[in-house]
Amino acid sequence: SNSRRRQEEVEPRPLELSLNPEDGSLLTAPLSRVLISATDGLYTDLSNIAHGELEVPTASDDPEVPPTLKKEKMSNLSFAQRRHELSWRLAQHGKALMHVASLTAAVHSTEMAKATVVSTKALKHARTAWVQADEAQDALYFFHAQLFPARQAPHDVYGALDLLKEGQWKDLPTDL
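What counts, and at which threshold
Residues numbered from 1 in each chain as written. Predicted model: local features only at pLDDT ≥ 70, side-chain atom pairs only at ≥ 80, totals over all residues. Heavy atoms only, no water. Helix = DSSP H or I, 4+ residues; strand = E, 2+ residues; numbered from the N terminus. Buried < 20%, exposed > 50% of the residue type's maximum accessible area, 1.4 Å probe, protein only. Contact = heavy atoms within 4.5 Å. pLDDT = per-residue confidence, 0-100. Expected span 1.5 Å × (residues − 1). Arc of directions from axis to C-beta. Salt bridge = Lys/Arg side-chain N within 4 Å of Asp/Glu carboxyl O.

Undergrad: Quick question: what am I supposed to make of the overall build of the chain here?
TA: Across its full length, the chain holds five helices and two strands. When the helices and strands of the chain are placed in sequence order, the string is α-α-β-β-α-α-α. The buried share of the chain, taken over its 176 residues, is 10%. In the chain, of all internal contacts separated by at least 6 residues, the share reaching a separation of at least 24 is 51%.

Undergrad: Just to check I follow, could you spell out the side chain of Arg89 for this structure?
TA: Mapped onto the elements of the fold, Arg89 is located in helix H3 (residues 79-107). For Arg89, a relative accessible area of 9% corresponds to the buried category. When neighbours within four sequence positions are excluded, Arg89 is seen to be in contact with Asp45, Ile49, Leu54 and Glu55.

Undergrad: Any chance you could explain the confidence of the model for the chain here in plain terms?
TA: Predicted coordinates in regions of low pLDDT should not be interpreted in detail. Averaged over all residues, the pLDDT of the chain equals 76, while 78% of them reach at least 70. Of all secondary-structure elements in the chain, the lowest mean pLDDT belongs to helix H1 (residues 2-8), at 51, while strand S2 (residues 68-73) reaches the highest, 89.

Undergrad: Any chance you could explain helix H2 (residues 31-50) here in plain terms?
TA: Side chains that are three or four residues apart share a direction in an α-helix, a result of its 3.6 residues per turn. Taking 1.5 Å as the rise per residue, H2 with 20 residues should run 28 Å; its terminal C-alpha atoms sit 29 Å apart, in good agreement. Within H2 the residues assigned to the buried category are Ala38, Leu42 and Asp45. Around the axis of H2, the buried residues are gathered within 65° of arc, so they sit on the same side. Turned more than 90 degrees from where H2 packs its buried face, Arg33, Tyr43 and Ala50 sit exposed.

Undergrad: Explanation requested: the pattern of salt bridges in the structure shown.
TA: Where charged atoms from two side chains of opposite charge approach closely, those side chains can pair. According to the stated counting rule, one finds three salt bridges in the structure shown. Close ionic contact of Glu72 with Lys70 constitutes a salt bridge, the shortest N to O distance being 3.1 Å. Judged by its relative accessible area of 17%, Glu72 falls in the buried class. Residue class for Lys70 comes out partly exposed when judged on its relative accessible area of 41%. Among the ionic pairs, Glu85 bridges to Arg89, the shortest N-O distance being 3.0 Å. Of the two residues, Glu85 and Arg89 both sit in helix H3, four residues apart, roughly one turn of that helix.

Right, dumping it as structure tokens:
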């Protein structure tokens, strides 16, 4: 009884988060959309397994050639391929449904909502600071490139003092 209860307990797992590439905030979606996409994917796969064709990766003899996808009926696959396809698809859908379960549980907890808002603000701030630092670095680089052609020729202070003091320039360059 104790071991069975331990098997049924949900273990916390890291949740993979996606960021908005424009501002660095967390990508969010309504819970209904997440639930529908997870269950639709599961039902589509189940229907394809039972009645349709699956996209199955096929490997070539050459290890440098990447595997290609090929449509196959489940009944045409070998036992090992069927077992692999079923376990892989169940694992993928299990992850999606685990996300839905954790999100559904989080709806009742305001701590999750607060953590999401705080994380989004922190990620937006980090993204903004990173973009601003990148823009500043670019501006400095291009400004520095404009400095070299704008510089003036170095002054000959010693030559000017000789001219003022003695009336002649003793160290006059010969290549003028």
